[in-house]
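Residue strings, one per chain:
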Amino acid sequence: MAVKDRDRFSTATRLKLLGEQTAARVYRSQTKRQARRSRLTGRAALLALVLCSLVVALAYPIRQYVSQRAEIADLRQQREQARARVEQLRDLKARWQDDAYAEQQIRDRLHYVMPGETGYIVIDPDAAKQSRAGQGAADRPWYANVWDGVDKADAADR
């Protein structure tokens with residue numbers, strides 16, 4: 001045991017122990033520094049800068065491209081609607097060229113009857129009541145109706 005105690009306190013043992021402790025401290029400090037050190041290198045920063053400048057440079061043209069594509073799609077849809085409307089009008093024109101269709105429309109819209117026929121018009125009772133309600137305004141002079149309209153508009157604002 002005396003040999004072991006003597007070996008424990010020898011200078012060589014102390015220096016060896018001190019060297020191991022110092023090496024352990026240095027290793028720990030290096031690992032802490034490496035952990036704290038940013039992974040961003042100069043090349044990575046340059047690459048990020050180039051990518052950001054590309055995004056900024058291409059943002060406006062891409063936005064214009066997308067908006068123009070949307071506008072083109074809208075114009076195509078309008079063109080198709082216009083073509084459909086033209087076809088409807090052509091069909092209507094062709095129908096009006098037929099004498100039987102024209103005669104039917106004249107009878108329905110203008111209430112014409114052929115010689116020897118008796119024409120009847122059926123009046124909706126609700127429509128008759130509405131037209132009688134409007135006759136009160138027809139009995140008065142025009143300027144009274146205008147003034148009543150101004151009063152009603154003024155009352156609606158309040």
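Because the structure is predicted, anything quoted here is derived from the model rather than measured. (Residues numbered from 1 in each chain as written. Predicted model: local features only at pLDDT ≥ 70, side-chain atom pairs only at ≥ 80, totals over all residues. Heavy atoms only, no water.)

Attention now moves to the overall build of the chain. Helices and strands together make up the secondary structure of the chain, namely six helices and zero strands. Along the chain, from the amino end to the carboxyl end, the secondary structure elements read α-α-α-α-α-α. Residue burial in the chain is summarised as follows: out of 158 residues, 3% are buried. Carbon and sulfur atoms provide 58% of the accessible area of the chain, an area that totals close to 15,000 Å². (Helix = DSSP H or I, 4+ residues; strand = E, 2+ residues; numbered from the N terminus. Buried < 20%, exposed > 50% of the residue type's maximum accessible area, 1.4 Å probe, protein only. Areas by Shrake-Rupley, 256 points an atom, 1.4 Å probe, with all protein chains shown as cover.)

The first and last C-alpha atoms of helix 3 (residues 42-97) sit 82 Å apart over 56 residues, in line with the 82 Å expected at 1.5 Å per residue. Along helix 3, the largest kink reaches about 35° and is centred on Ala59; proline Pro61 follows within four residues of it. (Expected span 1.5 Å × (residues − 1). Bend = angle between axes of the 7 residues up to and from the residue.)

The next subject is the packing of aromatic side chains. Tallied over the entire structure, the rule returns two aromatic pairs. Where Trp142 meets Tyr143, the ring centres are 5.9 Å apart and the plane angle is 80°; that geometry is what we call edge-to-face. (Phe/Tyr/Trp six-rings, centres within 6.5 Å; stacked < 30°, edge-to-face > 60°.)

Another point: unusual backbone geometry. Phi at His111 takes a positive value of approximately 60°, unusual for a residue other than glycine. Among the structural elements, His111 can be located in the loop between helix 4 (99-110) and helix 5 (125-138). Judged by its relative accessible area of 51%, His111 is exposed.

Glancing now at a nonpolar patch on the surface. A grouping of Leu46, Leu47, Leu49, Val50, Leu51, Leu54, Leu58, Ile62, Tyr65 and Val66 is seen on the molecular surface, where their side chains present a nonpolar patch of about 990 Å² in accessible area. Structurally, Leu58 is set in helix 3. (Patch = residues over 30% accessible without salt bridge, like charges linked within 9 Å, V, L, I, M, F, W, Y side chains within 5 Å. Salt bridge = Lys/Arg side-chain N within 4 Å of Asp/Glu carboxyl O.)

So far we have only geometry, and geometry alone does not tell us how the molecule works.
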